[in-house]
Amino acid sequence: MSKQFTVLAGVLCCASYIAVAQLIDRTTAPNAINAGISKSLSQQIGAGRGDINTPDSSAVNIARDPFRSIRRGRQLFQRKFTRAQGQGAAVGDGHGNINTNLAIGAGLADSCASCHGRPRGSAGFGGDVVTRPDSRDAPHLFGLGLKEMLADEITTTLRQIRTSARTLAKTRNAPVTLPLVSKGIRYGSITANPNGTFDTSRVEGVNPDLRVRPFFAHGGTISIREFIVGAFQNEMGLQSVDPELTAAVAGATFTTPSGMVLNGALDALEAPPTNDPNADPDGDGVKNEVPVSLVDYMEFYLLNYFKAGTYNKRNDHDRDSDDAENGLRTFQRIGCTSCHVEQLKIDRDRRVADLETVYDPLKGIFNQLFATTTPLFNTVHDTSGFPDRKLPKAGSFEVNNIFADFKRHDLGPNFYERNYDGTTQKQFLTTPLWGVGSTGPYGHDGRSISLEEVILRHGGEAQSERNRFAALRSLDRGELIAFLNSLVLFPPEDTASSLDPGNKLDPNFPQNGHGSIKLTVLFNNPLDIE
């Protein structure tokens, strides 16, 4: 941990800290132990978007107090929204043509944590989402920003190859076919014709427009921002106000406060319910239900949200360590990593910190996990009179243990799903395996009760790998499952870290003193809690 983080981490580590999944607003629901969100919704909204010199705006906080911004986004994610704030009947309240508007089938929640709340207090898994007649599990959101960045960079590379093919075809006055390869992953090939048209019939695992869409099981959404705006609307009945996203849908270019570039002239984007803070799209009498500043904080939080951890006892001379390491080698040997690619490199990391969470029986005083924080920002001085800007270093970053290829695959009828319009969904994105040891039941639909069962469900493009797994000795099969079980999620508020290592001698341990990933100590003013 860097010196700047070490100094800050010593400030408040002994303060008591209580958190759960969905959080009440203690300004409206006070209690004896001061549990809940410290700031009211209006305080979280602050001065709106503003700019980097507007006090109490999302722009100034993201640029100058980024860890407060992440924490505020987290508190919004956990917040229990009320009817008075606009939470209520979702799209159509269950009435309408679901063949053309899947949002009608969405459930009604009062918090993001209603669907993404396990393990305790995390942006995890646990909800049930009716995007098709057969309900599917809501996925965990660990590493969501890494997924967005990888998908966007892969898209950029694939489109550069397309441009090169077109240039060569015009120069040679003949069709040119080039392989589509990005980050070592093959997406088929594309043929450019001299007249500027393309043959995309051999493009694999991605739409013909070559845009990798990393969100939703079928690969439907480009960005975290669209994901947030859609979830507020469809699952919570809350309408976000986002003028820039509206403009981007119409063809403008918009770089979000988290650095994601959206351009409706290049990609089909999902429009927000309104761009007018005085509008009331759902007619519930509440206007400006989710102001743009709240979308900014939520996007920044999920961009920077922690990646999953590893519970591999390799430092404990434990038999489980040998099992997991042998299991990984077997996983590789039978071909699973042809789709579940173990590590991928980001060229330009937009986060401000990274968190590495591993098995550590000494430092992990509550759950045997310990998280180490690494800063990824540069401090920029200016003459504004405000605190220094803390900007992402934008360097490269190796994403380990993701086990994904950002492609759609056909895994055979055992994974097919019915659509409301009578068609069948046959292709789904490769599910990243980080966290899989914590997220049963398994499969994007939650139909498999064990890791072994979901592997044996594989067919189609993975039939040969499935057969090799089925033919393994019992010992080898058990070691492979042990490896998968070592890829875990964790509760941030209960996991000791370099920011708050905890204290087992606390008289109220483990209710207090268990350690946590306490971003509060990194605020410009740690005494002003969120």
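In what follows, the structure referred to is the one given above.
Structural notes, computed from the coordinates. (Residues numbered from 1 in each chain as written. Predicted model: local features only at pLDDT ≥ 70, side-chain atom pairs only at ≥ 80, totals over all residues. Heavy atoms only, no water.)

**Here we look at the overall build of the protein chain**
When you go through the protein chain residue by residue, the secondary structure sums to 12 helices and 22 strands. Expressed along its principal axes, the backbone C-alpha trace of the protein chain runs to roughly 70 × 60 × 50 Å. Burial status across the protein chain gives 53% buried among its 530 residues. Considering only contacts in the protein chain between residues 6 or more positions apart, those separated by 24 or more positions represent 66%. Carbon and sulfur atoms form 51% of the exposed surface of the protein chain, whose accessible area is close to 21900 Å². Averaging the locations of the 55 positively and 60 negatively charged side chains of the protein chain gives two centres separated by 4 Å. (Helix = DSSP H or I, 4+ residues; strand = E, 2+ residues; numbered from the N terminus. Buried < 20%, exposed > 50% of the residue type's maximum accessible area, 1.4 Å probe, protein only. Contact = heavy atoms within 4.5 Å. Areas by Shrake-Rupley, 256 points an atom, 1.4 Å probe, with all protein chains shown as cover. Lys, Arg positive; Asp, Glu negative; His and termini not counted. Charge placed at Lys NZ, Arg CZ, Asp CG, Glu CD.)

**Notes on helix H6 (residues 224-236)**
Taking 1.5 Å per residue as the helical rise, H6 with its 13 residues ought to reach 18 Å, and the 17 Å between its terminal C-alpha atoms agrees with that figure. Within H6, 11 of the 13 residues are buried, which leaves the element mostly enclosed by the surrounding structure. Among the residues of H6, those classed as buried are Ile-224, Arg-225, Glu-226, Phe-227, Ile-228, Val-229, Gly-230, Phe-232, Gln-233, Glu-235 and Met-236. Just downstream of H6 lies Gly-237, where phi reads positive at about 70°. (Expected span 1.5 Å × (residues − 1).)

**Let's talk about the sheet that holds strand S5 (residues 176-182)**
Taken together, the three strands give an open sheet; going across it, the order is S5-S6-S7, and neighbouring strands pair in antiparallel fashion. Lying at the two open borders of the sheet, with one neighbouring strand each, are S5 and strand S7 (198-199). Pairing of strand S6 (residues 185-192) with S7, which is carried by two bridges, proceeds in the antiparallel orientation. Among the inter-strand pairings, Ala-192 is bridged to a residue of S7, identified as Phe-198. (Pairing = 2+ DSSP bridges.)

**Section: the packing of helix H4 (residues 66-78) against helix H8 (residues 292-303)**
At a closest axis distance of 7 Å, the pairing of H4 and H8 adopts a crossing angle of 105°. If you check the angle between H4 and H8, you find them roughly perpendicular. Taking contact as the criterion, the partners of Pro-66, Ser-69, Ile-70, Arg-72, Gly-73, Arg-74, Leu-76 and Phe-77 in H4 are, on H8, Leu-294, Tyr-297, Met-298, Phe-300, Tyr-301 and Leu-302. (Axes fitted to C-alpha atoms, helices over the stretch in contact; angles between N-to-C directions. Parallel < 35°, antiparallel > 145°, perpendicular 65-115°, else oblique.)

**Considering the environment of Arg-49**
Inspection of the secondary structure puts Arg-49 in the loop between helix H2 (41-45) and helix H3 (58-64). Arg-49 sits 244 residues away from Ser-293 along the chain, and the two C-alpha atoms are 4.9 Å apart. Apart from residues no more than four positions distant in its own chain, Arg-49 is found in contact with Ser-57, Ser-58, Ala-59, Arg-225, Glu-244, Phe-254, Pro-257, Val-292, Ser-293 and Asp-296.

Everything listed here is a matter of geometry and, on its own, says nothing about what the molecule does.
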